[in-house]
Each structure stands twice: as C-alpha cells, then as structure tokens.
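# Close look at the chain arrangement
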Amino acid sequence: MTRHLPKFTLMATLALTLAACGAKKKVELEAPPATARPEAAQPSIPIQGDTTPGVANSIIPGSQEDLRDKAGTDTVLFAYDSYELDPDARATLTRQAAWLRANPSVRVTLEGHCDERGTREYNLALGDRRANSAKNFLASQGIDVARLTTISYGKEKPAVDGSDEAAWAQNRRAVTVVMSR
Amino acid sequence: MRSILLAAILLASPALAQTAAPLGAPLRVDINAGLMQPMPIAVPAFAPGNGASTEAGTTTQLGERAAQVIANDLKSSGLFKPIDPAAYTTTVGIDDVLKPDFPAWRTIAAQALVTGTVTANPDGGITLACYAYDVFAGSEIARQGFVTTAAGWRRAAHKCADLVYSRLTGEAGYFDSRIVYVSETGPRTKRIKRLAIMDQDGAGHRFLTSGQNLVLTPRFAPGQQTITYMSFENNRPRVWLYTLGTGRQEAVGQFAAMTFAPRFSPDGQNLVFSMAVGGNTDIYRFNIATRSVTRLTSGPGIDTSPSYSPDGSKIVFESDRGGSQQVYVMNADGSGQSRISFGEGRSASPVWSPRGDYIAFTRIGGGRFGIGVMRPDGSGERLLTNGYQDESPAWSPNGRVILFARGDRSGRSGLWSVDISGLNERRIATPLDASDPAWSPLLP
C-alpha cells in the first residue's frame, strides 16, 4: 500500500521534484540550522511560478494528496445495501476522472467497502459491486479501464470505528487509491 | 492425526455379565425435550490401572485429569450436571470400576456414573478404559477401551465422553473434535485476523497464520487435514488451502477475480465458492484434482455462501436475486434452483447440517442479527438466538449444536454455541476476540 508514504520520503521526493522543476531558477536546498526543524524550513523555499505558496506547494502531482486536493475527496459514499451512485458521488467521480485525464500515467485501485450491518460473505460481494460502480463511472468518463483495478474489503476495513448511523454512513464507500504514477 | 484404537476391555468379570440386564426403562436423556433438568452424573477420578508413569504424567494424574475433561464435556452439552466431587462419599479403586458401590452413589442422587482406569502400556502409550453405569438400576450402560499415546490422553477422555453421550441420548457424540476460527485483535479500523485452531473444549489452542494477511471463513475438509479459507495475500482476495501438519498454504486455482466463501464437498473432491466478476457474484465448483471449474449460477444477483447437503446431491446458498438476501437450494450441478426461505427480514449464510435434517442460517431484521434453523424445504423455521450481530453459524459433527460468532456494538466479538432446541446458549472461551467458526467432523 502506498497511501501513506513516510514523511521523510515525501520530503526527499519534494526536494527532487523542486530540483527538477527548477530549470528557470535553481533551487538551493541549504542545510537547515542545527536548531531548526526541517519542516520549518520548507515554506521559505522559493518556488518559481506558483501563485499559492504554502501548503499547496507540498502536494506532489499525481499523488493521493493531489487527487484529494483536486477532486475534493478520494471517497464516494453509498446508501445502506446500495451500490448506486448518487448525484454527489457522480460529481466527485467526474472530478476524479478529470484529474485522471490530467495525470495520464496514474493507475488507481477502486476499493469497495461496507458497513458492519451485513453478513461477511454478502458484504464482500456488495463491496465488489460498489468498487465496480465507481470503476464503471470513471470508464464512462473516458478513463482507460487498464488504469483501473478493483478490490473489495467487505466490512473488514471500516474508515470509522463506531456502531451508529454516522459511522456506518462513512464506512459504506468506494475509495480511489493511487497505486502508481 | 493419529487415530485412537478401540480396544475390547479385558477386565470383564463373570459377575458383571449377570448384572447387565437393566431393570425397568433404560436410563435416557431426551435432547429434544425442551426445558429439562440436566441429569446428575458422577465422574470420579479414573483409577490407575498400574503404578507406571508416562511422559504425560503418572496414571493417577492422568486418571484425575481425564475425569475432569469428561465431566467438562458432559456439562458443556447442557444435558448433564456433574456432581461436585467434594460431595462424593466414596473413592474409586480398580476393583470399584467393575463393581461400583451403587448405594454410595445413590446417596448423592447420581443417576449415572462414569468411571474407568488409565493404564500405562509397555510402548509408552496408555489404555483408557471407560465404563458407564445406571446408578439406580445398578446396571452397566456402556464400556469401551481406548489405546493411544500418552499425549493422546485428552482425546481418549473425549472419546469416553462421546460414548456416554451417545448411549444416553441416542445421538452421535461430538466431543472428540476441533474448531478452526478467525482470531481477532485491535481496533475495527486496523483489525488483525489470524487463523487459529483448538480442541472443541478450548485445549491445544494454536495460531495457524501470522496476522500479516487478512484471512476469513476457514472451513474443514471432511478428512480434516485441510482447511479452505480466504486470504487477502498480495492484495488478491482469493480462496486458499491450508494443510495442517505441514502448514503449507496454497492459492486455489488461478482466477482473475476475487474468489470467496469456500466450502468442501462432502467427498472432499470439490470446492464450491463464489467469484465476483465485474460486480456480479456467482457460485462455482472447483475440482481439486483436475482443477476444472464449473459455473453453477448465473444472472445479475449476488449468489454466495454455498453449502453442500451431506449426501452431496444438493447445495444450499443465498441470493439477492429476488431483491434481498434469501436462502435457495439447487441440485449439485446447478439445476433446479428454488427459494426456500420466506420468513421476515433477510436470511443469509445458510449451512446444511451434517445430519441433513436442518439448515442453519443468519436472520437479519429490525437492526438485529440472529441464528435460526429451517428444514431443507424451508418449513419449520425457528430462531435460536438474537444479538447485535450473531452470524456465521457452523454445525457440530452430530448436527445438534450450532457454533456462531457474536459481535457487539463496541466491535468486540466472540464464539458462542447453542443447541438446536435454542437452549444452552454459552460462550466458547478463546484467547482473543473470535469470528467465523467451523467445527471439524469427529476425529478418527
């Protein structure tokens, strides 16, 4: 799983990305003062051509964070025992499709998940339906299916630990997960 | 697994044969009688047949432990009430095994007496001799000897308990058997699941997998040396086989899509399981020797949780083809599919009893999950349990007890059992949380 790279890896990648983009103006990565934490030094690094310095600058194009930033969320939610995409879900997936078009080398896995109020084996099948609902919508938006894989986790990996409607609603979901870029 | 030899008991005396005919009606436990008083039964420490010692302990120690195992087995059935040994007014020496002091046992109101001997054999093994008596009639009910390794003393004791249970109930026993299940730990969002196996009474617990991969729904092969289960190894959710003894793990077939919900056919030659292809789940049969795959259901619904009838001629399964999860039966070749469940709510995860007389299932309705049984034609539906999340029923080898998993709103889960009468609901102790139980057939 590459969803959560360790922080030090992100920073090293950031440095490389900045260096690669720094053709117009070379970016000097100075060693931080011994007392300064590395994170504190980041915002001071000048970035050529970016109008919104700060947090947005640390998002790596084609990354999970980039997908969440550009599409609003990597997750669409479903009603109880349903795999139909409601208008919110379709709007989200439309933005995800646009992001996938803008990042044509990215491959994603659509994860299907369920709340705990179904039997284990049925929920594996229901999660597969949800993952495929999301996949089919992205394909309908022109995304090459070769870039889209699916997996169902049934009720085995809830996003929220809880047994009320609020938790169940968050757990009935399909998550678009960046696998390679 | 090493089998335990049955041995004709050589201790028989001429006097015993003359007392074998019981007076009046034979002692009997009716397991279908509904609310009843458990039968008071005495299980004194088995007498040492000789003074020798074994690698598992002295014959005296093994005799004490064997009696405890037998008493615990009989008590767990809910049909027997072992009398506290502190109340016993007599001890049992080797001579008392053949000629019990019936008046002494009557004074503490024991209706039945289980007694016997443990003898160390020259090869290092043991013989456990098991005798059961009707105390008030003063007559013998059953006797059997079990020859095994010293380490096998527990299994010999379980076989003795099975003998007593079967003679007094008229049903096959189920104590010499094992349970495989999924051991769980950690918060729901980061649950760690491992396959684990233990004796039916919780002894001999061990983990089969490390917890690195998510594993679900283990089930025994009829030969018991193989378990089929589902693993998410390499993020490819597939049906796997686990070989006990060697610990070998092997993916079943080479499928491009998720396979899950596996069970063996009664002859052990086939697996049935579901495969989800592009959002559509159907049931397939996989021949283990030839690796040939046969699709048994089609259509857009979710068809899953297949389970063979004990004669192998039919398969019960669940489908939402009619709008919600219900139980269906088909012939083993996929023909003749028909719905059999028409109760309230949803009926899911059906499992055919090894006796063939009932199908256990999970009922979902009113925000609750319960375990129920119905006849194979769908008639006679009865709900046995009701909980926040009771699911995954599994049958005892004699088809009279159902194991299931019970989850609560805090995310904890454990194993429970209940008689098909709906009585004797009890927790099965496990080291950690537990789900997805399966019961082995009786061991050889």
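So, how was this worked out
- Residues numbered from 1 in each chain as written.
- Chains lettered and ligands numbered in written order.
- Predicted model: local features only at pLDDT ≥ 70, side-chain atom pairs only at ≥ 80, totals over all residues.
- Heavy atoms only, no water.
- Pairing = 2+ DSSP bridges.
- Helix = DSSP H or I, 4+ residues; strand = E, 2+ residues; numbered from the N terminus.
- Contact = heavy atoms within 4.5 Å.
- Buried area = accessible area lost by both parts, 1.4 Å probe.
- Salt bridge = Lys/Arg side-chain N within 4 Å of Asp/Glu carboxyl O.
- Polar contact = N/O pair within 3.5 Å; in protein donor to acceptor, adjacent residues only side chain to side chain.
- Nonpolar A, V, L, I, M, F, W, Y, C, P; charged D, E, K, R; others polar.
- Domains from an automatic or database assignment.
- Phe/Tyr/Trp six-rings, centres within 6.5 Å; stacked < 30°, edge-to-face > 60°.
- Buried < 20%, exposed > 50% of the residue type's maximum accessible area, 1.4 Å probe, protein only.
- Lys NZ or Arg CZ within 6 Å of the ring centre and 35° of its normal.
- Arc of directions from axis to C-beta.

## A few points about the sheet that holds strand 11 (residues 192–199) of chain B
Residue and element names in this part refer to chain B. The four strands are arranged 12-11-10-33 in an open sheet whose pairing can be described as antiparallel. Edge positions in the sheet fall to strand 12 (206–207) and strand 33 (433–439), since each of these pairs with one other strand and no more. Pairing geometry for strand 11 and strand 12, over two bridges, is antiparallel. Across the sheet, residue Ala196 finds its bridge partner in strand 12, namely Phe207.

## Looking at the interface of chain B and chain A
Across the boundary between the two partners, chain B contributes 42 residues, which contact 28 residues of chain A. In total, chain B and chain A occlude about 2800 Å² of area from one another, counting both sides; carbon and sulfur atoms represent 51% of this. The three residues of chain B that bury the most area against chain A are B:Arg188, B:Thr189 and B:Ile302, which together make up 20% of that side's buried surface. Run the count over chain B and chain A and you get eight salt bridges. B:Arg188 is the partner of A:Glu116 in a salt bridge, and the nearest nitrogen-oxygen pair spans 2.8 Å. On the surface where chain B and chain A come into contact, there are 18 residue pairs in polar contact (both at pLDDT 80 or more). Its residues placed into classes, the side of chain B that touches chain A shows 17 nonpolar, 15 polar and 10 charged.

## Points about the domain arrangement of chain B
All names here are of chain B. Per the domain assignment, the segments making up chain B are domain 1 (5–23 + 37–169) and domain 2 (178–439). Placing the centre of domain 1 and that of domain 2 at their C-alpha centroids yields a distance of 37 Å. Between domain 1 and domain 2 the total buried area reaches about 610 Å² when both faces are included, carbon and sulfur atoms providing 34% of it. The tally of links from domain 1 across to domain 2 stands at one salt bridge. For Arg154, the salt bridge goes to Asp201, with nearest N and O atoms at 3.1 Å.

## A word on the packing of aromatic side chains
The full count for this structure, using the stated rule, is 12 aromatic pairs over all chains. With centroids separated by 4.5 Å and ring planes inclined at 40 degrees, the aromatic side chains of B:Tyr174 and B:Phe175 adopt a geometry described as tilted. Accessibility expressed as a relative area gives 4% for B:Tyr174, which makes it buried. Looking at B:Phe175, the relative accessible area reads 0%, which means it is buried. Pairing B:Tyr174 with B:Trp439 gives two aromatic rings, centres 5.7 Å apart and planes at 85 degrees, and the pair type is edge-to-face. Placement of the pair is B:Tyr174 in the loop between helix 5 (153–169) and strand 10 (178–185) and B:Trp439 in strand 33, with a sequence separation of 265 residues. Both residues of the pair, B:Tyr174 and B:Trp439, belong to the buried class. Taken together, the aromatic side chains of B:Tyr165, B:Tyr174, B:Phe175 and B:Trp439 make up a single cluster linked through ring pairs. Here the guanidinium or amino end of A:Arg117 rests over the ring plane of A:Trp168, the centre of that ring lying 3.9 Å away. The aromatic ring of B:Phe207 is capped on one face by B:Arg194, whose charged end is 3.8 Å from the ring centroid.

## Structural notes on the pattern of salt bridges
Side-chain pairing between opposite charges can occur once the charged atoms of the two side chains come close. Counted by the stated rule, this structure contains 35 salt bridges over all chains. A salt bridge links B:Arg346 to A:Asp81, with the nearest nitrogen and oxygen atoms 2.9 Å apart. Linking B:Arg346 in strand 25 (residues 346–352) with A:Asp81 in the loop between strand 1 (75–77) and helix 4 (87–102), this pair reaches from one chain into another. Each member of the pair, B:Arg346 as well as A:Asp81, carries the same accessibility label: buried.

## What about the pairing of strand 33 of chain B?
Residue and element names in this part refer to chain B. Within strand 33, seven of the seven residues are buried, which leaves the element mostly enclosed by the surrounding structure. Bridge count between strand 10 and strand 33: five bridges; the pairing is antiparallel. What sits directly across from Ile179, in strand 33, is Trp439.

## Description of helix 3 (residues 64–71) of chain A
Because each turn of an α-helix spans 3.6 residues, side chains separated by three or four positions in sequence point in the same direction. Residue and element names in this part refer to chain A. Restricting attention to buried positions, one finds in helix 3 the residues Gln64, Asp66, Leu67 and Ala71. For helix 3, the buried positions fall inside an angular range of 160 degrees around the axis, keeping them on one side. Backbone geometry just downstream of helix 3 places Gly72 in the positive-phi region, at approximately 90 degrees.

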